[in-house]
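# Residue-level structure breakdown
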Amino acid sequence: MESMDMNSMAASIGVSVAVLRFLLCFVATIPVSFFWRIVPSRLGKHIYAAASGVLLSYLSFGFSSNLHFLVPMTIGYASMAMYRPKCGIITFFLGFAYLIGCHVFYMSGDAWKEGGIDSTGALMVLTLKVISCAVNYNDGMLKEEGLREAQKKNRLIEMPSLIEYFGYCLCCGSHFAGPVYEMKDYLQWTEGKGIWDTSEKRKQPSPYLATLRAIFQAGICMALYLYLVPQFPLTRFTEPVYQEWGFLKKFGYQYMAGQTARWKYYFIWSISEASIIISGLGFSGWTDDDKPKWDRAKNVDILGVELAKSAVQIPLVWNIQVSTWLRHYVYERLVKSGKKAGFFQLLATQTVSAVWHGLYPGYMMFFVQSALMIAGSRVIYRWQQAISPKLAMLRSVMVFINFLYTVLVLNYSAVGFMVLSLHETLTAYGSVYYIGTIIPVGLILLSYVVPAKPSRPKPRKEE
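Residues numbered from 1 in each chain as written. Predicted model: local features only at pLDDT ≥ 70, side-chain atom pairs only at ≥ 80, totals over all residues. Heavy atoms only, no water.

## A word on the overall build of the chain
Helix and strand counts for the chain stand at 21 helices and 2 strands. Scaling as 2.2 N^0.38, a compact globule of 463 residues should have a C-alpha radius of gyration of about 23 Å, and the chain matches this with 23 Å. Over its C-alpha atoms, taken along the principal directions, the chain stretches across nearly 75 × 65 × 45 Å. In the chain, which comprises 463 residues, the share counted as buried stands at 50%. A separation threshold of at least 6 residues defines the contact pool for the chain, and within that pool the share at least 24 residues apart is 71%. Summed over all atoms, the accessible surface of the chain reaches about 23,000 Å², with 66% contributed by carbon and sulfur. (Helix = DSSP H or I, 4+ residues; strand = E, 2+ residues; numbered from the N terminus. Rg over C-alpha atoms; globule rule 2.2 N^0.38 Å. Buried < 20%, exposed > 50% of the residue type's maximum accessible area, 1.4 Å probe, protein only. Contact = heavy atoms within 4.5 Å. Areas by Shrake-Rupley, 256 points an atom, 1.4 Å probe, with all protein chains shown as cover.)

Right under this line is the structure:
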């Protein structure tokens, strides 16, 4: 009877039973996170965080999921205990190696495309968390002089206990879809220190209004996704009817397919935001006018993505916490002291992001495209800055051109992320004459021919 109910529920919303089970457990992270607030004692909170994460993983993915999660967690903790000077780099490479192995074994991308699901997505989030913990423990050995602000803020002087580590990794199911957060923040939140310190006159802000806002946003996003997805299926890219369309119709379909897919991620991240906010961990301080901020849980700025004026803004508003992780633990650490970051650091970071998602040609092509897209957008921005402030209209035109460029290349590139296979990706890209690849490469090459120098107002002569 229960199986029949699950089948009918899954059919009613157009998903598989496995996905429905995941969604129910995922939504359950909201009440589970709420009850964390009333658990007494620090030890009790750590145990509850870890145990609830284990239980939700079991109900969603089965017993084997927790065994998979245990591998990177063991790698991270063992490296911190046995060889602190290199624990960060050891955890990084071994953690990624295991994640890649799981990607290859389960072919998770194919399962996701076909409406299935497995624990690989949660393992992706968990891998980033154990790496950041190990790297920050490694940074705790270094002198503060010469460290970046993020390193100073997140470094760990003492090794967390085993129960603290397990609570951090699996906290109330937060590993399902993120957001990624730091061990130091988790410890301060659990212990009531830092911005969570209630010993001062200021009380902790109520999370309920912010939680309701996130849940309402999730409902809208899911409704839009369920409405749009039947109208813009990914299979259309390889159907004969698609090849019969003209250039503009094909390009318009790519735009709508990309936007449709994004609403699914907006829903997922809105639910994860709600669960982190209601627990209190999502609190990130106060504004200048004394209002609470809940940015720690925020993983996407929907309007920021859809109306981005520049491709450079996309990593700041899409999968925000993972983008922050990549910046702190890959991008910035590839820049030598006294040097500026360049295209190599950008490409290397995007490559790590691609490998993290899975070894599919579509992922690789998407993230290489992303590096090209951002580099091309920077060229347009430099040309815009080279225009005299007196020519405000021309500057506005360049801003609009950068916006159109971002919309064009982003949705073109996103096809690879959605269809994954090399054949389907090249078919979709080739159907619009590789325009989203040619334009960024052309802009990068043109920047060497037409270099831009920022326009500076001439200093006034002293009278």
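Once you've had a look at it, read on.
## Overview of the pattern of salt bridges
Enumeration according to the criterion identifies 9 salt bridges in this entry. Close ionic contact of Arg333 with Asp139 constitutes a salt bridge, the shortest N to O distance being 2.8 Å. Note that Arg333 is positioned in the loop between α16 (320-331) and α17 (343-357) and Asp139 in helix α7 (residues 120-139), a separation of 194 residues in sequence. Using a relative accessible area of 3% as the deciding quantity, one classes Asp139 as buried. Members of the salt-bridge network, linked through shared partners, are Lys153, Asp185 and Arg296. (Salt bridge = Lys/Arg side-chain N within 4 Å of Asp/Glu carboxyl O.)

## Topic: the nonpolar core
Core analysis: the largest hydrophobic core is formed by 113 residues, its most contacted members being Phe96, Tyr165, Tyr186 and Trp325. Ranked by residues supplied to this core, first place goes to helix α13 (residues 247-279) with 14 residues. Those residues in contact with Trp325 that lie beyond four places of it in its chain are Phe92, Phe96, Leu128, Ile131, Ser132, Val180 and Val330. Within the second largest apolar cluster, 8 residues are counted, among which are Ala354, Tyr360, Phe367 and Phe417. (Core = buried A, V, L, I, M, F, W, Y, C linked by side-chain atoms within 4.5 Å.)

## Looking at helix α9 (residues 162-170)
Along α9, the residues classified as buried are Glu164, Tyr165, Gly167, Tyr168, Cys169 and Leu170. Just beyond α9, the residue with positive phi is Cys172, at close to 50°.

## Quick look at the environment of Val54
Mapped onto the fold, Val54 is located in helix α3 (residues 42-61). Assessed through its relative accessible area of 35%, Val54 is described here as partly exposed. For the pair Val54 and Leu43, spaced 11 residues apart in the sequence, the C-alpha separation amounts to 17 Å. Apart from the residues lying within four places of it in its own chain, the contact partners of Val54 are Asn66 and Leu170.

## Some details on the packing of aromatic side chains
Taken as a whole and judged by the stated rule, the model has 39 aromatic pairs. Arranged with centres 6.3 Å apart and planes meeting at 70°, the rings of Tyr265 and Phe417 form a pair that is edge-to-face. In this pair, Tyr265 sits in helix α13 while Phe417 sits in helix α19 (residues 392-419), placing the two residues 152 residues apart along the sequence. Tyr265 gets classed as partly exposed once you look at its relative accessible area, which sits at 27%. Overall, the relative accessible area of 16% leaves Phe417 in the buried class. A ring pair is formed by Tyr412 and Tyr429, whose centres lie 4.3 Å apart and whose planes are at 20°; its orientation type is stacked. Residue Tyr412 is found in helix α19, and its partner Tyr429 is found in helix α20 (residues 422-431); the two are separated by 17 residues along the sequence. Taken as a pair, Tyr412 and Tyr429 share a single burial class, namely buried. Feature note: the residues Trp263, Tyr265, Tyr266, Trp269, Trp318, Tyr360, Tyr363, Phe366, Phe367 and Phe417 constitute an aromatic cluster, connected by ring pairs. Just above the ring of Tyr168 sits the side chain of Lys129; from NZ or CZ to the centre is 5.2 Å. (Phe/Tyr/Trp six-rings, centres within 6.5 Å; stacked < 30°, edge-to-face > 60°. Lys NZ or Arg CZ within 6 Å of the ring centre and 35° of its normal.)

## Concerning helix α4 (residues 63-82)
The periodicity of an α-helix, 3.6 residues per turn, causes residues three or four places apart in sequence to face the same way. An ideal rise of 1.5 Å per residue puts 28 Å on 20 residues; α4 measures up with 29 Å between its terminal C-alpha atoms. When we look at burial in α4, the residues that qualify are Ser65, Asn66, His68, Phe69, Pro72, Met73, Ile75, Gly76, Tyr77, Ser79 and Met80. (Expected span 1.5 Å × (residues − 1).)

## Let's talk about a nonpolar patch on the surface
Taken together, Leu55, Tyr58, Leu59, Phe63 and Leu67 make up a surface patch of nonpolar side chains, about 530 Å² in accessible area. Listed by contribution, the elements that provide at least two residues to the nonpolar patch are α3 and α4. The leading source of residues in the nonpolar patch is α3, at 3 residues. Topologically, Leu67 is positioned in helix α4. (Patch = residues over 30% accessible without salt bridge, like charges linked within 9 Å, V, L, I, M, F, W, Y side chains within 5 Å.)

## Thoughts on the packing of helix α18 (residues 361-386) against α20
The relative placement of two packed helices comes down to the angle between their axes together with the axis-to-axis distance. For the pair α18 and α20, the least separation of the axes is 8 Å and the interaxial angle reads 40°. By the angle between their axes, α18 is oblique relative to α20. For the pair formed by α18 and α20, the contact residues are Pro361, Gly362, Met365 and Gln369 on the first element and Leu422, Thr425, Leu426 and Tyr429 on the second. Of the residues that constitute the contact of α18 with α20, the class distribution is 5 nonpolar, 3 polar and no charged. (Axes fitted to C-alpha atoms, helices over the stretch in contact; angles between N-to-C directions. Parallel < 35°, antiparallel > 145°, perpendicular 65-115°, else oblique. Nonpolar A, V, L, I, M, F, W, Y, C, P; charged D, E, K, R; others polar.)

## A look at the side chain of Thr91
When you line up the elements, Thr91 lands in helix α5 (residues 87-106). Judged by relative accessible area, which is 1%, Thr91 ranks as buried. A distance of 2.7 Å separates polar atoms of two side chains, one belonging to Thr91 and the other to Ser79. In this structure, Thr91 is in contact with Ile75, Gly76, Ser79, Phe96, Val130, Ile131 and Ala134, ignoring residues within four places of it in sequence. (Polar contact = N/O pair within 3.5 Å; in protein donor to acceptor, adjacent residues only side chain to side chain.)

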